[in-house]
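Below are the chains, spelled out letter by letter.
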Amino acid sequence: MLNEEINVEHPTVEHPTEGLRGFEPEIQESSEGNCCCDSPKEQDPLYRKLDDFIDSLSDEDGVLIRVLHYAQNLFGYLPREVQIHIGKRLGKSLAEVYGVVSFYHYFTTEQKADYTIEACMGTACYVKGASAIISELEKELGIKVGQMTKDHHFGLKVSRCIGACGLAPVMVIGKDIHGRLTPEMIPEILKRYEKPKES
């Protein structure tokens, strides 16, 4: 009944923003209209690269998807300000841009860590001391499960089961599996993934 009253439909793959009209978040325009020449974004090399990419494209179907892919590879994620910028450059509303971003699982609006550490808490890992592994990770990284280090280099999360029960307790860092862990092994393993020191 509620859907009938406000006429909200689920988006389809062909038209992921269909049914979103009327629910467009407001985009604050500058006093110069769409011109953002004096915006700090114009001085940001990432935004300049994004603008150069947009300028290189012809106005064709699927251009928004291509721009979003490029922007996510450039920024690592698609925060609201990037979506607004893309919308202004392509002449699309924020609702249209966000409709595509939220529809496709590939796109993310949250910044990701360089390395996500996934500690297993499945039955085999739990029995063999996974809690102590997680405690040591939290201590070494200075964060809790579900958080990210301040430099966005490490993120920590827990999985119900990684599927490597024979190696319990297990954790995955990036694409690497580390098994038969003890708390004493954690500092040395983390060192392998540290950022190289600047010369």
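Located above this text is the structure these notes cover.
Every chain begins its residue count from 1, and numbering advances along the sequence as written. Reporting in this predicted model follows two pLDDT cut-offs: at least 70 for local features of residues, and 80 or more for side-chain atom pairs to be given and counted; totals over whole chains, interfaces and linings ignore these cut-offs and use all residues. Side-chain measures here rest on the full set of heavy atoms in the structure, leaving out hydrogens and waters.

Draft legend 1. Inspection of helix α4 (residues 80-90) at higher detail. Looking at α4, one finds that the buried residues are V82, Q83, I84, H85, I86 and G87. As for α4, its buried residues are in contact with α2 (45-56), α3 (63-75) and α5 (94-103). By the criteria applied, helices consist of DSSP H or I runs no shorter than four residues and strands consist of E runs no shorter than two, each listed in order from the N terminus. Following α4 by one or two positions, G91 adopts a phi angle in the positive range, close to 70°. Relative accessibility under 20% of the residue-type maximum defines a buried residue, over 50% an exposed one, and the middle range a partly exposed one, all with a 1.4 Å probe and only protein chains included. Any two residues whose heavy atoms approach within 4.5 Å are treated as being in contact.

Draft legend 2. Local environment of the pattern of salt bridges. When a carboxyl oxygen of Asp or Glu is within 4 Å of a side-chain nitrogen of Lys or Arg, the pair counts as a salt bridge. In total, this model carries two salt bridges according to the counting rule given. Here D51 ties to R89 by a salt bridge, and the two come within 2.8 Å at their closest N and O atoms. Taken as a pair, D51 in helix α2 and R89 in helix α4 lie far apart in primary sequence, 38 residues in all. Residue class for R89 comes out partly exposed when judged on its relative accessible area of 31%.

Draft legend 3. Region of interest: unusual backbone geometry. Geometrically, the link from A168 to P169 is a cis peptide bond, its omega value of -10° lying close to zero. Mapped onto the elements, P169 comes out in the loop between β2 (154-159) and β3 (171-173). Its identity is not glycine, yet H152 carries a phi of approximately 60°, on the positive side. Along the polypeptide, H152 turns up in the loop between α7 (130-141) and β2. Its relative accessible area of 29% is what places H152 among the partly exposed residues. Despite not being glycine, R180 has its phi angle at roughly 50°, a positive value. Structurally, R180 can be placed in the loop between β4 (176-178) and α8 (186-191). By relative accessible area, R180 is classed as exposed at 55%.

None of the figures reported here should be taken as evidence of function without further support.
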